[in-house]
Amino acid sequence: MLSVVATKIRTARDCSSNTSTVGRIYEGYLLSTPVVGRGMVLFRDPNGRRMVTTSVRRVLTTSDEEVLYVETENSVYRLRIRSSQPAAAIAG
């Protein structure tokens, strides 16, 4: 399980009504790294609140192993990985 801070850095050009969400920060946990073709699910709190994105188009890495860029059908997110923890440590 990955503890991450996701920042929305861009929305789709034709979705101009969602520009107010650019710059929004989401903190939570990913079960695994994002996978092309699937929606990214970010669990935001222990009560089950989560953010689900549209399908991931591509995942870009950087020289900093703690930063990923994830492009979905509608947006681009910068993910900063805070830690990699076993699921049992978080659930307990």
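Rules of the game
- Residues numbered from 1 in each chain as written.
- Predicted model: local features only at pLDDT ≥ 70, side-chain atom pairs only at ≥ 80, totals over all residues.
- Heavy atoms only, no water.
- Helix = DSSP H or I, 4+ residues; strand = E, 2+ residues; numbered from the N terminus.
- Contact = heavy atoms within 4.5 Å.
- Areas by Shrake-Rupley, 256 points an atom, 1.4 Å probe, with all protein chains shown as cover.
- Core = buried A, V, L, I, M, F, W, Y, C linked by side-chain atoms within 4.5 Å.
- Buried < 20%, exposed > 50% of the residue type's maximum accessible area, 1.4 Å probe, protein only.
- Salt bridge = Lys/Arg side-chain N within 4 Å of Asp/Glu carboxyl O.
- pLDDT = per-residue confidence, 0-100.

**Here we look at the overall build of the chain**
Move 1: What the chain contains, in helices and strands, is 1 helix and 6 strands.
Move 2: Written out in order from the N terminus, the α and β elements of the chain read β-β-β-β-β-β-α.
Move 3: Nonlocal contacts in the chain, meaning residues at least 24 apart in sequence, comprise 39% of its contacts between residues at least 6 apart.
Move 4: As presented, the chain carries roughly 6,000 Å² of accessible surface, and 47% of it is formed by carbon and sulfur atoms.

**Comments concerning the nonpolar core**
Move 1: In terms of nonpolar packing, the biggest core is built from 14 residues, with Leu30, Met40, Leu42 and Leu79 touching the most fellow members.
Move 2: Where this core is concerned, the elements lending two or more residues are β1 (2–11), β2 (25–30), β3 (39–43), β4 (50–61), β5 (67–72) and β6 (75–84).
Move 3: The residues touching Leu79, leaving out its near neighbours within four places in the chain, are Val5, Ala6, Leu30, Pro34, Met40, Glu66, Val67, Leu68 and Val70.

**Considering the side chain of Lys8**
Move 1: In this structure, Lys8 sits in strand β1.
Move 2: Filtering out sequence-adjacent residues up to four positions away, Lys8 remains in contact with Thr21, Val22, Gly23, Arg24, Ser75, Val76 and Tyr77.

**What to know about the pattern of salt bridges**
Move 1: Under the defined criterion, the tally for this structure stands at 5 salt bridges.
Move 2: Here Glu71 and Arg58 are joined by a salt bridge, their closest N and O atoms 2.5 Å apart. Within this pair, whereas Glu71 is found in strand β5, its partner Arg58 is found in strand β4, the two being separated by 13 residues in sequence.
Move 3: Take Arg58: its relative accessible area is 44%, and that puts it in the partly exposed class.
Move 4: A cluster of three or more residues bridged by salt bridges with shared partners is formed by Arg10, Arg58 and Glu71.

**As for the confidence of the model for the chain**
Move 1: Mean pLDDT over the chain works out to 84, with 82% of the residues at or above the 70 mark.
Move 2: Of all helices and strands in the chain, the one with the weakest mean pLDDT is helix α1 (residues 87–91) (49), whereas β5 scores best (95).

**Let's talk about the environment of Leu42**
Move 1: As for its position among the elements, Leu42 is in strand β3.
Move 2: A relative accessible area of 1% means that Leu42 is categorised as buried.
Move 3: Sequence separation of Leu42 and Val52 is 10 residues, and the distance between their C-alpha atoms is 6.5 Å.
Move 4: Once residues within four sequence positions are removed from consideration, Leu42 is found in contact with Val4, Ala6, Tyr26, Glu27, Gly28, Tyr29, Leu30, Arg49, Arg50 and Met51.

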